[in-house]
Amino acid sequence: MATAAAASASEAEAEPKAGPEAEGEQDEAKAARARRKVLSRAVAPATYKTMGPEWDQQEEGVSESDGDEEYAMASSAESSPGEYEWGYDEEEKNQLEIERLEEQLSINVYDYNCHVDLIRLLRLEGELTKVRMARQKMSEIFPLTEELWLEWLHDEISMAMDGLDREHVYDLFERAVKDYICPNIWLEYGQYSVGGIGQKGGLEKVRSVFERALSSVGLHMTKGLAIWEAYREFESAIVEAARPMAGFLSPSDWEQTFDSQLEKVHSLFRRQLAIPLYDMEATFAEYEEWSEDPIPESVIQSYNKALQQLEKYKPYEEALLQAEAPRLAEYQAYIDFEMKIGDPARIQLIFERALVENCLVPDLWIRYSQYLDRQLKVKDLVLSAHSRAVRNCPWTVALWSRYLLALERHGVEHRVISVTFEKALSAGFIQATDYVEIWQAYLDYLRRRVDFKQDSSKELEELRSAFARALEYLKQEVEERFSESGDPSCLIMQNWARIEARLCNNMQKARELWDSIMTRGNAKFANMWLEYYNLERAHGDTQHCRKALHRAVQCTSDYPEHVCEVLLTMERTEGTLEDWDIAVQKTETRLARVNEQRIKAAEKEAALAQQEEEKVEQRKRARAEKKALKKKQKTRGADKHRADEDDEKEWGDDEEEQPSKRRRVENSVPPAGEAEPGSEADLSGSSAPAATEPPSELKEVRGGARRRDVPKVPHDSSKDGVTVFVSNLPYGLGEPAATLRPLFEACGDVVEVRPIFSNRGDFRGYCYVEFREEAAALQALQLDRQSVEGRPMFVSPCVDKSKNPDFKVFRYSTALEKHKLFVSGLPFSCTKEELEEICKAHGTVKDIRLVTNRAGKPKGLAYVEYENELQASQAVLKMDGMTIRENVIKVAISNPPQRKVPEKPEARKAPGSALLPRQVYGARGKGRTQLSLLPRALQRPSAATAQAENGPATPATTEAPKMSNADFAKLLLRK
């Protein structure tokens, strides 16, 4: 019956499976049949060696080497590339490319893509030794993906000839399964170990590999099934191979041996059915058919419980199947679910699964290592996770610091920790402060090694030399790269001084260190002097405390009052009268000088602020005068028109009328009866009789070409959720609604496109787009910055600014982004494609944004987003200072400055007080083009103003006396 069950199981596996991993299983079935053939032929001789020498092999010619060769053929059939015919020119081209890649790696060994390309070319050229060396170098720096490991393993398996080669392949498998959780590599490992079953301890080796595979990936709901089935097939093959031995062993021995092997298969079935896996029903049906005895009730209960658990896990697994890689959000939700349940094995598995696709996310590694440090605390597991974390994200200093702590926590020898620290220094951090943090972590470790009860020790000398080396490293290496040491407050030197004072009782060394701290620009800060004073207070003497405070009074510029107060307090409690007098005199002198300086600074700032206020008032007066002048000109023009009409009525056609020299004001309309320029009017001054129209109707006719009768519809704020605000549109857009509707209909059903016009009927460059559903409005926000007739269109949520005055829409981050670069100095003609071609040589470019002004013209700036921080930091080193079309560009990590909100002039003036410092013009200061546009003639003092200085004040501007129509007529006649 067992034979029939095994046959049915083989047939069932050959059929396509319905499940989440059904894709590609027909291709895997061919490989599985080849593996099973090798498996059955390889197990037979091992069973003979295990069961006893009495049983002869049923198949002649079966040997260990035959099994290896067939397995290698099955493996190479899956992975070996097709045969290519290379011409001489192409081979030479490949050799040149190989030399270029090797040279590039000698410059930058952390270029991941360069490693991959070199291995690919060497493999095509058949350079087996060089391929092996290239793979070895890459694996020492980076963890390899599952595809790279399988390709390497298949190549080594095809070249394995003897037992030593097999051990080398075993070592490769051991390294491969440590990088990431890879079910396919574990499956290959188990199948390959079957080929060595004829060696000494071969059977135990196979079972050990399969058991480790189950503990690693056996809980994998979608890929763990293959490991369980391969293990059961192996044990079932041993059962089938043991049946012919019945005639060579005593009945009791054979029954004991056979039953023991059957129990192994039963145990595997029971263990598998107790775990929630996909396609559990088929496994249960196979067990029912295979087993000669009824399935125990306990197994059925475990199976039903696993089915219930499977239903709880299915939503998370289906979310992973439906999402696209890297699926970080889905994995985060899955991890949160597993953390609530609290099963350590499953938590570890889901973390490992998430890291396969998100290996470059430092926060995920930090969360995983933190869980292992606090919950599991298994040395090998914890240190392996930390080691893989820093290999995947070497630019993240937090991972290195945690790694050093974990090594110390688990008692790793000092040499290993020191080597790890040296690797961290060469990892290439992207901020100067990162180097300060890693040095502090290492110095803390060295301090904990020292036994301070001894006056001198090897560990203490090592600690002091490490402090000296840290200061030298920050001064030379870090400052040379970042133009700053990363430690402006001298935190490392402060820690050294505290250790010397408190733990080594060496105040002389501590004072020397504090003197050095103060000479590095920290003497003006009160908190630094008080820190030194407290150290002297605790471990020094009163004389040095008094000396430190006296120096602090003279040097402190930020909070001198606080330092003076501390000095007086100390002299009041401990000093003599002479000490008290000296302290009072010094503090009074210092504070008087400080107050004098502050008064002068305040007066200077007040004067500048007053000047700014006067300029503002002057601009306001100029605008008012200009407005009044325009109004007066309009009034005079209207009076002139009326004078012409009265003149015609008074004098008739007897006298000639000179053409009036009137200034035509924009949008002015001639009065009724007045002839248009170029019309049929009598040159003698009399106009032809014509039908007169009211001025309003004539104005409509005159501006009819551009005036629109657009009804003003008040905005309904209740529909803000389904409305978007569109701005920065071209003013010359002919039909805004007809132009914009097709763009926004792609996002959803558009109810209305409402453009805004001025009173003259001109389009004002913005509009409202109302959708039927809120989801469509959210989708429309993705159209932001899309070009409309050569101008970027701004799309933002519709928000009432009166109710939300602080609401601002800016779709890009203003914080530090270590994976994004800011590029300046680009030629205006540089396109996105050209910049991408330059940037992709240093890593995978996810996005490039060229910065433009509101008119869509480039500003010579760009933001380049890379896949990870390492690629971004390498690009900075390579691209900064590069020349593009005679323009030298600057490249830096994206870290926009914090914008300061300009302070209103009214806010700086307090009632009954002097003016405060002058107005701040914003984050970039006062612009170069912020000039006064008031004519100089208007800026000169008028006669009225000059008279006001020596006599009674008169109004600066007085209206001219109004003139009658007759007066205007007389003026015209004089001309």
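Higher on the page you've got the structure.
First, a word on what this report is: a plain description of the structure on this page. Everything quoted here is computed from the prediction, not taken from an experiment.

For the rest of this paragraph, the subject is the overall build of the protein chain. Along the protein chain, the regular secondary structure elements total 36 helices and 11 strands. The buried share of the protein chain, reckoned over its 975 residues, is 38%. Long-range pairs, those at least 24 residues apart, make up 63% of the contacts in the protein chain with a sequence separation of at least 6.

Note on placement: Glu-817 falls in strand S6 (residues 817-824). Here Glu-817 falls in the buried class, since its relative accessible area comes to 13%. Residue contacts for Glu-817: discarding those within four places in its chain leaves Ile-893 and Ser-894.

The four strands lie next to each other as S7-S8-S6-S11, forming an open sheet whose pairing is antiparallel. Two strands lie at the open edges of the sheet, namely strand S7 (845-852) and strand S11 (890-894), each paired on one side alone. The sheet shows a mean angle of 25° between the axes of neighbouring strands, direction not considered. Two elements, S6 and strand S8 (residues 858-866), share five bridges in a ladder whose sense is antiparallel. Looking at the pairing, Lys-820 lines up with Glu-865 of S8.

Right, let's talk about the environment of Leu-153 for a bit. Mapped onto the elements of the fold, Leu-153 is located in helix H7 (residues 146-159). With relative accessibility at 1%, the residue Leu-153 sits in the buried group. Leave out the neighbours within four places in its chain, and Leu-153 touches Val-169, Leu-172, Phe-173, Ala-176 and Ile-185.

For the rest of this paragraph, the subject is the nonpolar core. Grouped together as the largest cluster of nonpolar side chains are 165 residues, with contacts concentrated most on Ile-185, Phe-234, Ile-438, Trp-439 and Ile-492. Of all the elements, helix H21 (residues 432-449) adds the most residues to this core, at 10 residues. Every residue in contact with Ile-185, bar those within four places of it in the chain, is listed here: Glu-146, Trp-149, Leu-150, Leu-153, Phe-173, Ala-176 and Val-177.

The N-to-C vectors of helix H25 (residues 526-539) and helix H26 (residues 542-555) enclose an angle of 175°; their axes lie 9 Å apart at closest approach. Overall, the two elements H25 and H26 adopt an arrangement that is roughly antiparallel. On H26, the residues that touch Trp-529, Tyr-532, Tyr-533, Glu-536 and Arg-537 of H25 are His-544, Cys-545, Ala-548, Leu-549, Arg-551, Ala-552 and Cys-555. Grouping the amino acids of the contact of H25 with H26 by side-chain chemistry returns eight nonpolar, one polar and three charged.

Right, let's get into the pattern of salt bridges. As enumerated under the stated definition, the model contains 42 salt bridges in all. The salt bridge partner of Arg-132 is Glu-156, with a shortest N-O separation of 2.9 Å. Note that Arg-132 is positioned in helix H6 (residues 128-141) and Glu-156 in helix H7, a separation of 24 residues in sequence. A salt bridge links Asp-155 to Arg-135; the nearest nitrogen and oxygen atoms lie 2.9 Å apart. You can see Asp-155 sitting in helix H7 and its partner Arg-135 sitting in helix H6, a full 20 residues away along the chain. Comparing Asp-155 with Arg-135, the two get one shared label, buried. Sharing partners across several salt bridges, the network here consists of Arg-123, Arg-135, Glu-151 and Asp-155.

The buried fraction of strand S1 (residues 723-727) is high, at four of five residues. Sheet topology places S1 next to strand S3 (residues 763-771); four bridges connect them, and they run antiparallel. Bridging from a neighbouring strand, Phe-725 pairs with Tyr-768 of S3. The sheet contact formed by S1 and strand S5 (residues 791-797) spans four bridges and is antiparallel. Along S5, the bridge assignment pairs Phe-725 with Ser-796.

Turning our eyes to something else, we now look at a negative patch on the surface. On the surface, Asp-89, Glu-90, Glu-91 and Glu-92 cluster together into a patch of negative charge. Here Glu-92 shows up in helix H4 (residues 88-107).

Right, let's get into the side chain of Thr-222. Counting through the fold element by element, Thr-222 comes out in the loop between helix H10 (202-217) and helix H11 (224-242). Overall, Thr-222 belongs to the buried group, its relative accessible area being 12%. Within the structure, the side chain of Thr-222 is placed 3.2 Å from the side chain of His-220, a separation counted as a polar contact.

Tallied over the entire structure, the rule returns 32 aromatic pairs. Site record: aromatic cluster; members linked through ring pairs are Phe-421, Phe-429, Tyr-435, Trp-439, Tyr-442, Tyr-445, Tyr-473 and Phe-482. Across the ring face of Tyr-192, the terminal group of Arg-166 is positioned such that the distance to the ring centre comes to 4.3 Å. Cation over ring: Arg-346 sits above Tyr-313, and NZ or CZ is 4.3 Å from the ring centre.

The rules we used
Residues numbered from 1 in each chain as written. Predicted model: local features only at pLDDT ≥ 70, side-chain atom pairs only at ≥ 80, totals over all residues. Heavy atoms only, no water. Helix = DSSP H or I, 4+ residues; strand = E, 2+ residues; numbered from the N terminus. Buried < 20%, exposed > 50% of the residue type's maximum accessible area, 1.4 Å probe, protein only. Contact = heavy atoms within 4.5 Å. Pairing = 2+ DSSP bridges. Axes fitted to C-alpha atoms, helices over the stretch in contact; angles between N-to-C directions. Core = buried A, V, L, I, M, F, W, Y, C linked by side-chain atoms within 4.5 Å. Parallel < 35°, antiparallel > 145°, perpendicular 65-115°, else oblique. Nonpolar A, V, L, I, M, F, W, Y, C, P; charged D, E, K, R; others polar. Salt bridge = Lys/Arg side-chain N within 4 Å of Asp/Glu carboxyl O. Patch = residues over 30% accessible without salt bridge, like charges linked within 9 Å, V, L, I, M, F, W, Y side chains within 5 Å. Areas by Shrake-Rupley, 256 points an atom, 1.4 Å probe, with all protein chains shown as cover. Lys, Arg positive; Asp, Glu negative; His and termini not counted. Charge placed at Lys NZ, Arg CZ, Asp CG, Glu CD. Polar contact = N/O pair within 3.5 Å; in protein donor to acceptor, adjacent residues only side chain to side chain. Phe/Tyr/Trp six-rings, centres within 6.5 Å; stacked < 30°, edge-to-face > 60°. Lys NZ or Arg CZ within 6 Å of the ring centre and 35° of its normal.

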